[in-house]
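Each chain is listed here by its residues.
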Amino acid sequence: TRFFTEPKQWRDAVVFKYSPQEIKSIEVNYFETPEESFTITNSDNKFTLTNVGSTKIIKNVDNTLLNEYVSRYQKIYYEMIDEESSKEKIDSTIASPPYFSIEVKDFKGGSNKIVGYHMPNFRKILDKDGNEFLFDVDRMYGYLNNELFTYIQFATFDQLRLPKTYFIKKRS
């Protein structure tokens, strides 16, 4: 078990905690593959998929996959607050190109946004050919609501970081 003496570490580590009917929209941006970015909008508990910045609904969507995806936003947490990095390191990371961002807006006018950034491969993890991975393979930095710099895990966020094409019905 971990024991924290820092008061900030005791705060609730929630990033997203929404039932599907509370969600007005989800915007997912991929900065390295922007063509896979998307927005999901809730209209009378019916979810639709659009390109970011567009109102044109994408047809041919697997609604079962879309509904199941929206339900994943009920329990998403960050790992812990980054207390180790200097202010300069944090500022430098936030100023660098993000890996992805996810923003959820609710019907009460609230929103939560996480911006993910690659983390260096400090542990020198190697691939199957013995080459070091460029970035950490387990964790990323997460910047929550433009105020909290955290560690987030791929194991948690991979379920949300799906490409737009995941939702398109496959031709059989």
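Just above, that's the structure.
Residues numbered from 1 in each chain as written. Predicted model: local features only at pLDDT ≥ 70, side-chain atom pairs only at ≥ 80, totals over all residues. Heavy atoms only, no water.

What follows deals with unusual backbone geometry. A positive phi angle, close to 70°, is found at asparagine 60, a residue other than glycine. Inspection of the secondary structure puts asparagine 60 in the loop between β4 (46-50) and α1 (63-71). Positive phi values are uncommon outside glycine, yet asparagine 146 reaches one of about 55°. The residue asparagine 146 is located in the loop between β9 (135-144) and β10 (148-153) in this model. Residue class for asparagine 146 comes out exposed when judged on its relative accessible area of 59%. (Helix = DSSP H or I, 4+ residues; strand = E, 2+ residues; numbered from the N terminus. Buried < 20%, exposed > 50% of the residue type's maximum accessible area, 1.4 Å probe, protein only.)

Before going further, it helps to spend a moment on the sheet that holds strand β6 (residues 80-81). Taken together, eight strands build an open sheet; the order of strands is β4-β3-β2-β7-β8-β9-β10-β6 and the sheet is antiparallel. Lying at the two open borders of the sheet, with one neighbouring strand each, are β4 and β6. Pairing between strand β3 (residues 38-43) and β4: five bridges, direction antiparallel. In the sheet register, serine 43 faces β4, and the bridge partner there is lysine 46. Its contacts with the sheet place α1 against β2 (23-30), β3 and β4, and it is angled at close to 100° to β4. (Pairing = 2+ DSSP bridges. Contact = heavy atoms within 4.5 Å. Axes fitted to C-alpha atoms, helices over the stretch in contact; angles between N-to-C directions.)

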